[in-house]
2 protein chains.
Amino acid sequence: MSDSIDHTLRGSWAPSGAGAAPLSAHAMRWLRQRIGLSEAPTPAVPPSLIDVSETALPQVVSSELVALLGENHVLTETGQRLGRAGGLSYGDLMRRRGGNGVAVPDAVVLPADPEQVQRVLELCARHDIAVVPFGGGTSVVGGVSSLRGGKVAVIVLDLARLNRLVSVDPVSHVAVLQGGMRAPDAEALLAAHGFTLGHFPQSFERATIGGFAATRSAGQASAGHGRFEGMVEGVRAATPVGEWRLGTAPASAAGPDLRQLAVGGEGALGVITEVALRVRPAPVHSRYEAVVLDGWQVGAEAVRTLAQSRTLADVTRLSDADETEVGFEFSGGMKARALRTLLRGRRMHEPCMLVLGWEAASRRELDERRDATLRALRRFRPVRLGGKVGESWRANRFSGPRQRDTLLDHGVCVETLETATHWAGLSELRSAVRAALLRTLEVDGRTPIVMCHVSHAYETGASLYFTVLAGRDQQDPLGQWQRAKQAATDAIVERTPGRAMGRGTLTHQHAVGTDHQPWLADEIGSVGVQVLTAAKKAVDPTGILNPGKLVDRWQEE
Amino acid sequence: MSDSIDHTLRGSWAPSGAGAAPLSAHAMRWLRQRIGLSEAPTPAVPPSLIDVSETALPQVVSSELVALLGENHVLTETGQRLGRAGGLSYGDLMRRRGGNGVAVPDAVVLPADPEQVQRVLELCARHDIAVVPFGGGTSVVGGVSSLRGGKVAVIVLDLARLNRLVSVDPVSHVAVLQGGMRAPDAEALLAAHGFTLGHFPQSFERATIGGFAATRSAGQASAGHGRFEGMVEGVRAATPVGEWRLGTAPASAAGPDLRQLAVGGEGALGVITEVALRVRPAPVHSRYEAVVLDGWQVGAEAVRTLAQSRTLADVTRLSDADETEVGFEFSGGMKARALRTLLRGRRMHEPCMLVLGWEAASRRELDERRDATLRALRRFRPVRLGGKVGESWRANRFSGPRQRDTLLDHGVCVETLETATHWAGLSELRSAVRAALLRTLEVDGRTPIVMCHVSHAYETGASLYFTVLAGRDQQDPLGQWQRAKQAATDAIVERTPGRAMGRGTLTHQHAVGTDHQPWLADEIGSVGVQVLTAAKKAVDPTGILNPGKLVDRWQEE
């Protein structure tokens, strides 16, 4: 079994030059049989044919930006603007493939440092120009769509040049990184000092430090290293009303933790230019392995036991039977058959794979932690597939997204959504979302594949991450997904009407962006909306920052 | 060694009926020699002699409150109003002892449930009456002072009747508790279900769940159980603009974590009526012990090593040499001599005591964790004092505050303050604060005792908790402490001008209240002040909630 499932499918990596990855012939045959595939591939429209209007940026603004940043850092050519036009949701990709309906910025600017970011915001505030902060561009919820919010023009503020490791404090284990630094560069620079962040979401190859912070990212190793917001010691952000610096200590009781307001602001409450982060000594020893448990209920109970006895592996990832099956098939026909035979022999009726990964500073620590995990798992009767399968998962954990273009070429509706809730309601919520997706994605009598995994377990609950593979509704491909998203999200937020506690959260790791806005009030209440709106007005009185995302409901004109 | 140090000194427990506790004759002799004591005790003025003005609550408001809550739950007698007049700072206690300058509320109301709390707020908003939410009344920063904020009257909203355990979810390990529940009651009710919160600040005996949440409390076992805000899964709060419910999952990426705004609101952003909390199985096994390390630097380095190798005991508490000495002397003359002899024999020049406490579900887990801690400590050459000293610390950890009245009677200036910072600057910050306190508290050539401990260690830094015992400036007792507080806090927040990261935080566990407000802008910046002010206006447009605390600078008329 090579690369497993959802990370097969997220995002189009093509723009970064990594290129699409093919699926095996067996996987294609199997998919054709299960959900149907287009007979002939339908590739994306080439960029030159995408409908892009002329830049609407007033000449005076353009001149001032050039004077501030230099000619090379104010980009207005069509290709450059297209390259930062939106993120990687199914809708984004389908619009880009089709060549129309793409919201394209009027210019892209590349400031060199936090001071220049601050001055760009002040300049844009003065001229009432909308600004979309842009890191890796990996948002799958419309978080970087170039919406104008009623302004005359919108620019993308690309943070690519803010890629410095500002400082490393080896005594306190704190590193200050600039917001535009890509995650792999951060890991490489920290490794030279013997440290790691340990944050590995599937977007790792392209995502940035500022993006992680602005969206409260969670990574594949969050069981061990915590969510990104938990690593944030301090934040430096530019806002139209001035610079904002927060964070003087690991913890404080000086009123509400405003770091947690700056973090999660999605570029609508400021542009994160620097982040002080807790780092850890880079692990010297690691071990990844896979076990199979019999059925979702047993698997979820096993992961709950690990979380509540604090014996989770740093990576703890449970796939349901559908996701496990797809993982088997995508790893090749022979492997799939061999695995099925093995598991039938061990009386596994509904195999659910659990990937476990430990990373540690010493062999002893690794062994002790691994022993504790496996000891706690014993009563759930796991079948151990061993280290090879686990290491293979690790080796391929970022490569999957490149296969997404191949699937899109072949007429597959491929998308993901996610939530989290408390353990007591987890399986019920999974069933409800699954039913909503199965019902709404069916086309021409072909049942879609709906997979689910838990990748983030807490003492009190866990995340649920759904990946769908469905035959595409050729008449209305965007509507097909929108209906599914609507039904699934309704199931998530409305599951227990009238009670805030015990429902699913609108999003556990993908953020709000444009796509989740219609449900935000369900999550935070009308008082929450008022508070967030007030905070937004305080830092961005004229609403130039990332219009239409998170808090406001402005629509693109 | 019995009860050790700072918890000897915090708060006057007398109002709750527990009564003052005497200090041993040896301790009194030792103190007299070190800092001087009044020859004759000067007890507090009896309540009947305290200057209390007539209630200013308009009759119409009083009638409406009685109609809403019933006659027995609207208290206007002088004694009842005095009983909720302010908290337990040195200033609060000295004013109360002297009998004048006490800000007394015009009435005390006791709603029965969250709905009644909501209606009280709406009623008070309608009549423009100030409301001070009141839990255990243990604030040491003026957080529950009955300030009017320019309103015609101020009432205390005592949450004592909101003392229900609303629900326990044994699968998710989540319990919903009402805001007015006292911590010991919460532990007792949860214990019946096999759970614990594990939150044991020194205020434990009187503090409430809502108070913990509203002030971002940290407890003595926070190394193991985390700070209180980290246990909060959900919040229900009443505000003048409506009820607010937050929290649907252990974690979310649905924008900023507004729970962290509700938590830490100090009654100025809403009244917390219910909190959903992560609970843990009550530990079956525990072990407390004490070791001594040679000097502050060695001690701090040892605790840093534990924190960064994640081998902290659940309770990890390092006292500096002064605090260790006071602890020895307060435990009795013979014990002090014996300990000094023992440690001299082991070539300890500057003994610093480290209390360690582990709590675990199984003997095996306890042994493994204790072994890991002690293994990591070995290279710091600890002298082990054994379990008896550790268990004695545990047994007495809440009893100390009762000794404070005895010290006040004998003319001692006794107070605490605290901060936190990153490891790299910890010792420098300790020296700076210590110097400021020693300089400002000296009276008539008598050097004060300034003690310090680390009770909360994180991977990136730690708290510093200072306790002072000084001869009282009889001419200007309040001014004496105010000057010391000013100098110490300036040292904390201004240590590294121009850099937000790397300074000390204004407060690690005591909150802002009135006393820390002058420095809040240093901590959160002018943008932070604008955001917090905007949030305050959104939930409390007319400013009736806890005037003069946290965010606004209104002064008592």
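Keep in mind that what you see is a predicted model, and the values were worked out from it rather than measured.

**Here we look at helix H5 (residues 114–127) of chain A**
All names here are of chain A.
Link 1 in the chain: Compared with an ideal rise of 1.5 Å per residue, which puts 14 residues at 20 Å, H5 spans 20 Å between its outermost C-alpha atoms and is within 8% of the ideal.
Link 2 in the chain: What H5 keeps buried is the set Pro 114, Gln 116, Val 117, Gln 118, Val 120, Leu 121, Leu 123 and Cys 124.
Link 3 in the chain: Asp 128, located one to two residues past H5, shows a positive phi value of around 55 degrees.

**A few points about the packing of aromatic side chains**
All names here are of chain A.
Link 1 in the chain: The full count for this structure, using the stated rule, is six aromatic pairs over all chains.
Link 2 in the chain: Considering the side-chain rings of Tyr 288 and Trp 393, the 6.3 Å spacing of their centres and the 25 degrees angle between planes classify their relative orientation as stacked. Of this pair, Tyr 288 sits in strand E12 (residues 285–294) while Trp 393 sits in helix H14 (residues 387–395), and the two are 105 residues apart along the sequence.
Link 3 in the chain: The ring of Trp 296 has Arg 430 sitting right over it, with the charged end atom 4.4 Å from the ring centre.

**Concerning the packing of helix H10 (residues 296–308) of chain B against helix H16 (residues 423–441) of chain B**
Residues and elements named next belong to chain B.
Link 1 in the chain: Look at H10 against H16: their axes get within 11 Å of each other, and the N-to-C directions meet at 150 degrees. For the element pair H10 / H16, the angle class is roughly antiparallel. Regarding H10 and H16, the two cross each other, and that crossing is right-handed. Along the contact surface, H10 presents Trp 296, Gln 297, Ala 300, Val 303, Arg 304, Ala 307 and Gln 308, while H16 presents Trp 423, Leu 426, Ser 427 and Arg 430.
Link 2 in the chain: For the contact of H10 with H16, the per-class residue count stands at six nonpolar, three polar and two charged.

**Some details on the pattern of salt bridges**
Link 1 in the chain: Inspection of the entire model under this criterion finds 68 salt bridges over all chains.
Link 2 in the chain: A salt bridge links Glu 325 of chain B to Arg 34 of chain B, with the nearest nitrogen and oxygen atoms 3.7 Å apart. Here Glu 325 of chain B, found in helix H11 (residues 321–330), pairs with Arg 34 of chain B, found in helix H1 (residues 25–35); they are 291 residues apart in sequence, far enough to count as distant.
Link 3 in the chain: The closest approach of N and O atoms between Asp 128 of chain B and Lys 151 of chain B, which form a salt bridge, is 2.8 Å. In this pair, Asp 128 of chain B sits in the loop between helix H5 (114–127) and strand E3 (130–134) while Lys 151 of chain B sits in the loop between E3 and strand E4 (154–158), placing the two residues 23 residues apart along the sequence.
Link 4 in the chain: Since its relative accessible area comes to 31%, Asp 128 of chain B is described here as partly exposed.
Link 5 in the chain: Judged by its relative accessible area of 11%, Lys 151 of chain B is buried.
Link 6 in the chain: Through salt bridges that share partners, Glu 115, Arg 236, Glu 243, Arg 245 and Glu 274 of chain A make up one connected network.

**Let's talk about the UniProt feature "domain: FAD-binding PCMH-type" (unreviewed entry) in chain A**
Link 1 in the chain: Per the UniProt record, the feature "domain: FAD-binding PCMH-type" (unreviewed entry) sits at residues 101–282 of chain A.
Link 2 in the chain: Overall, residues 101–282 of chain A shows 20% helix and 26% strand. The separation of its end C-alpha atoms is 45 Å.

**Considering the sheet that holds strand E2 (residues 107–109) of chain A**
Residue and element names in this part refer to chain A.
Link 1 in the chain: With mixed pairing, the four strands of this open sheet are ordered in space as E1-E2-E4-E3. Of all the strands in the sheet, just strand E1 (74–75) and strand E3 (130–134) have a single pairing partner and so form its edges.
Link 2 in the chain: Taken together, the two bridges between E1 and E2 define a ladder with antiparallel strand orientation. Among the inter-strand pairings, Val 74 is bridged to a residue of E2, identified as Val 109.
Link 3 in the chain: Those strands touched by H5 are E2, E3 and strand E4 (154–158), and its axis lies near 175 degrees from that of E4.

**Here's the deal with the pairing of strand E10 (residues 271–278) of chain B**
All names here are of chain B.
Link 1 in the chain: In terms of residue burial, E10 counts as a mostly covered element, since eight of its eight residues are buried.
Link 2 in the chain: Relative to E10, strand E6 (residues 174–178) runs antiparallel, the two sharing five bridges. Bridging from a neighbouring strand, Leu 177 pairs with Val 275 of E10.
Link 3 in the chain: Sheet topology places strand E8 (residues 232–239) next to E10; six bridges connect them, and they run antiparallel. Bridge assignment links Arg 236 to a residue of E10, and that residue is Glu 274.

**Side note on the relation of the copies chain B and chain A**
Link 1 in the chain: When chain B is fitted onto chain A, the two copies agree to an RMSD of 0.0 Å after a turn of 180 degrees and an axial shift of 0.0 Å. Such a combination of rotation and displacement between the chain copies is what one expects of a two-fold axis. Ranked by how close their C-alpha atoms come to the rotation axis, the residues of chain B are headed by Ala 534 of chain B, at 2.7 Å.
Link 2 in the chain: Interface overlap between copies: 100% of the residues of chain B at the interface are likewise at the interface in chain A, consistent with a symmetric, same-surface contact.

**Some points on the interface of chain B and chain A**
Link 1 in the chain: Facing 88 residues of chain B, the contacting portion of chain A comprises 88 residues.
Link 2 in the chain: Counting the surface lost from both chain B and chain A, the interface buries some 6,500 Å², and carbon and sulfur atoms represent 62% of this.
Link 3 in the chain: Applying the counting criterion to the chain B and chain A interface returns six salt bridges.
Link 4 in the chain: Of the charged contacts in the structure, one is a salt bridge between Arg 278 of chain A and Glu 459 of chain B, with a shortest N-O distance of 3.7 Å.
Link 5 in the chain: Where chain B touches chain A, the interface holds 32 residue pairs in polar contact (both at pLDDT 80 or more).
Link 6 in the chain: A per-element tally of the side of chain B that touches chain A places helix H18 (residues 520–539) of chain B first, with twelve residues.

Calculation criteria
- Residues numbered from 1 in each chain as written.
- Chains lettered and ligands numbered in written order.
- Predicted model: local features only at pLDDT ≥ 70, side-chain atom pairs only at ≥ 80, totals over all residues.
- Heavy atoms only, no water.
- Helix = DSSP H or I, 4+ residues; strand = E, 2+ residues; numbered from the N terminus.
- Expected span 1.5 Å × (residues − 1).
- Buried < 20%, exposed > 50% of the residue type's maximum accessible area, 1.4 Å probe, protein only.
- Phe/Tyr/Trp six-rings, centres within 6.5 Å; stacked < 30°, edge-to-face > 60°.
- Lys NZ or Arg CZ within 6 Å of the ring centre and 35° of its normal.
- Axes fitted to C-alpha atoms, helices over the stretch in contact; angles between N-to-C directions.
- Parallel < 35°, antiparallel > 145°, perpendicular 65-115°, else oblique.
- Left-handed = near helix turned anticlockwise from the far one by under 90°.
- Contact = heavy atoms within 4.5 Å.
- Nonpolar A, V, L, I, M, F, W, Y, C, P; charged D, E, K, R; others polar.
- Salt bridge = Lys/Arg side-chain N within 4 Å of Asp/Glu carboxyl O.
- UniProt positions renumbered as here; feature names shortened; annotations may be inferred.
- Pairing = 2+ DSSP bridges.
- Least-squares fit on C-alpha atoms with pLDDT ≥ 70 in both.
- Buried area = accessible area lost by both parts, 1.4 Å probe.
- Polar contact = N/O pair within 3.5 Å; in protein donor to acceptor, adjacent residues only side chain to side chain.

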